[in-house]
Number of protein chains: 2
Amino acid sequence: MQNTQLNRALSHTSTNPGKRLRPQLLQAAARATGNPVSEALAAAPAEAIELIHTYSLIHDDLPAMDDDDMRRGRPTLHVAFDEATAILVGDGLQAKAFELIASEEQLSAQQRIDLVACLAKAAGFEGMVGGQGLDIEATERTLSVEQLKNIHALKTGALITAALVMGGIVGQANPDQKHILKAVGDKIGLAFQIIDDVIDVRSDSTTLGKTAGKDAAAGKSTYVALMGLEAAEAAALALYQESVALIHDWGTEADSLRKLLARMVKRDS
Amino acid sequence: MQNTQLNRALSHTSTNPGKRLRPQLLQAAARATGNPVSEALAAAPAEAIELIHTYSLIHDDLPAMDDDDMRRGRPTLHVAFDEATAILVGDGLQAKAFELIASEEQLSAQQRIDLVACLAKAAGFEGMVGGQGLDIEATERTLSVEQLKNIHALKTGALITAALVMGGIVGQANPDQKHILKAVGDKIGLAFQIIDDVIDVRSDSTTLGKTAGKDAAAGKSTYVALMGLEAAEAAALALYQESVALIHDWGTEADSLRKLLARMVKRDS
């Protein structure tokens, strides 16, 4: 691509060190199937899901959305460049995600189609975008815990579950394994979001790398506000334990997945 | 999708009668291959390319981009709703486009993958998004005709060429036919854009359904400004004639494509 401004903005984005949780989950889920899956085989779908996550952060940070100036300890893209660039980079990253999967010739056409279908659904109106829409509508309203769970299941849960299911597709999981990977994703995705709220209350902006206490200040419902800090932490821990129990019978090839699940709830940022 | 605000915005979008040029081109190109292609077989990719076009209009109209209040004779989405909704609806429509193709079981997995790859590339940094980025950077600068052609080849040409190439994929075009369909797309896409500039100068807002003379007023280079009105029209006509000549040997199954190509240059809005 010859476009200098978009190129500079892209390199601002790609040099920003995130946790790369979703690609790691995808890789770990692929290995957990027990089928031989090289890191290279899962690389394109892993990168694709990270691109979807990155684009969503760029758009969520826009002034018309959550209006965040800082992300991962650095100025957000629309602050470092401008809003038009941030909108376009997000749009381009989404397209790039699907192009990456479609072009990965190490995977069968059927695997690639299943991956595209899974990722597109998780990213769209029935997943991440739908959840973000509900989240914006819910601002300044007090929600029930069930309503909050539903928003988060879409907004962040769908993509985390997709990471696990996509790993299953790459690893040619059998139907039982696919079913379990989806259930693990649903549970750990919710636990992850609850812990996010807990951290948001406990941390300051320095360790978090983004504006702290922002959700509460923005009039958004949080698990901590609705359940209390201790009950929220206990609920997250219970969900984590249920997710681990689901793969209790799986062999040592699931160890990297187990480690990742633990890291998702036992973290401080 | 349960989201009421996004649902209302989506229905505002889908009831807005556009010309549906890109889906028509895709359908006509599929039939032009001479292979049996029902309208139903091409329906999902045709809808997908229209969704990409629609999302791009929604994002292009945003205040941070071209800042347009009117589109197809109606308020743009961010005016009728708000910016956050317009950003999210655009994002969701892009995901939906790829989901539609991936889920179309009448097409082989290989056809679906080829369609996703073609559409994603045309929509992304090496196509539409890249062109839009260049277009924004070029505002208030005088370009050469070659620079302007390059911007438009990406910004609008890539998706028009994709419509023809995708039609070829649906119709299982042979390599020769694919090559020709791509060349037809490149030529007619450029002619289409030149005629757009001509119409922009000649029309008023009422017949156009969008703000007239906007590009010139916004300090953007146009073919008419760079070449003069008559030379621009002559160039568009020459490109159209070249595109028709490329399919001169094709049979009557290419007649609907021929009609569409003619309509793209002989129009007043």
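Now for a quick tour of the structure. (Residues numbered from 1 in each chain as written. Chains lettered and ligands numbered in written order. Predicted model: local features only at pLDDT ≥ 70, side-chain atom pairs only at ≥ 80, totals over all residues. Heavy atoms only, no water.)

## Looking at the overall build of chain A
Step number 1: Helices and strands together make up the secondary structure of chain A, namely 14 helices and two strands.
Step number 2: For chain A, the C-alpha radius of gyration of 18 Å lies close to 18 Å, the compact-globule estimate for 269 residues.
Step number 3: Considering only C-alpha atoms, chain A reaches an extent of 50 × 45 × 30 Å along its principal axes.
Step number 4: About 10,800 Å² of surface is accessible on chain A, with carbon and sulfur atoms providing 52% of the total.
Step number 5: In chain A, 26 positive and 35 negative side-chain charges are present, and the distance between their average locations comes to 4 Å. (Helix = DSSP H or I, 4+ residues; strand = E, 2+ residues; numbered from the N terminus. Rg over C-alpha atoms; globule rule 2.2 N^0.38 Å. Areas by Shrake-Rupley, 256 points an atom, 1.4 Å probe, with all protein chains shown as cover. Lys, Arg positive; Asp, Glu negative; His and termini not counted. Charge placed at Lys NZ, Arg CZ, Asp CG, Glu CD.)

## A short note on the interface of chain B and chain A
Step number 1: The partner chain A presents 47 residues to the 47 residues of chain B that form the contact.
Step number 2: In total, chain B and chain A occlude about 3,900 Å² of area from one another, counting both sides; carbon and sulfur atoms represent 70% of this.
Step number 3: On the chain B side of the interface with chain A, the three residues burying the most area are Leu88, Ile113 and Phe125 of chain B, jointly 18% of the side's total.
Step number 4: Remark: the boundary between chain B and chain A carries zero salt bridges.
Step number 5: Taken together, the links from chain B to chain A amount to eight residue pairs in polar contact (both at pLDDT 80 or more).
Step number 6: Elements represented by at least two residues in the side of chain B that touches chain A include exactly α1 (4-14), α3 (39-60), α5 (83-102), α6 (109-123), α7 (128-138) and α8 (145-170) of chain B. (Contact = heavy atoms within 4.5 Å. Buried area = accessible area lost by both parts, 1.4 Å probe. Salt bridge = Lys/Arg side-chain N within 4 Å of Asp/Glu carboxyl O. Polar contact = N/O pair within 3.5 Å; in protein donor to acceptor, adjacent residues only side chain to side chain.)

## A few points about the relation of the copies chain B and chain A
Step number 1: In screw terms, the move from chain B to chain A is a rotation of 180 degrees and a rise of 0.0 Å along the axis, fitting with an RMSD of 0.0 Å. Accordingly, the operation relating the two chain copies is best matched by a two-fold axis. No C-alpha of chain B approaches the rotation axis more nearly than that of alanine 109 of chain B, which lies at 2.7 Å. (Least-squares fit on C-alpha atoms with pLDDT ≥ 70 in both.)

## Topic: the nonpolar core
Step number 1: Formed by 175 residues in total, the largest nonpolar core has its most connected members in Leu25 and Leu119 of chain A together with Leu25 and Leu119 of chain B.
Step number 2: Looking at this core element by element, the count peaks at 13 residues for helix α8 (residues 145-170) of chain A.
Step number 3: In this structure, leucine 25 of chain B is in contact with Ile160, Ala163, Leu164, Leu257, Leu260, Leu261 and Met264 of chain B, ignoring residues within four places of it in sequence. (Core = buried A, V, L, I, M, F, W, Y, C linked by side-chain atoms within 4.5 Å. Buried < 20%, exposed > 50% of the residue type's maximum accessible area, 1.4 Å probe, protein only.)

## Quick look at the environment of isoleucine 58 of chain B
Residue and element names in this part refer to chain B.
Step number 1: If you trace the backbone, isoleucine 58 turns up in helix α3.
Step number 2: Along the sequence, isoleucine 58 and alanine 238 sit 180 residues apart, while their C-alpha atoms lie 32 Å from each other.
Step number 3: In contact with isoleucine 58, not counting residues within four places along its chain, are Thr13, Leu77, Ala86, Val89 and Leu93.

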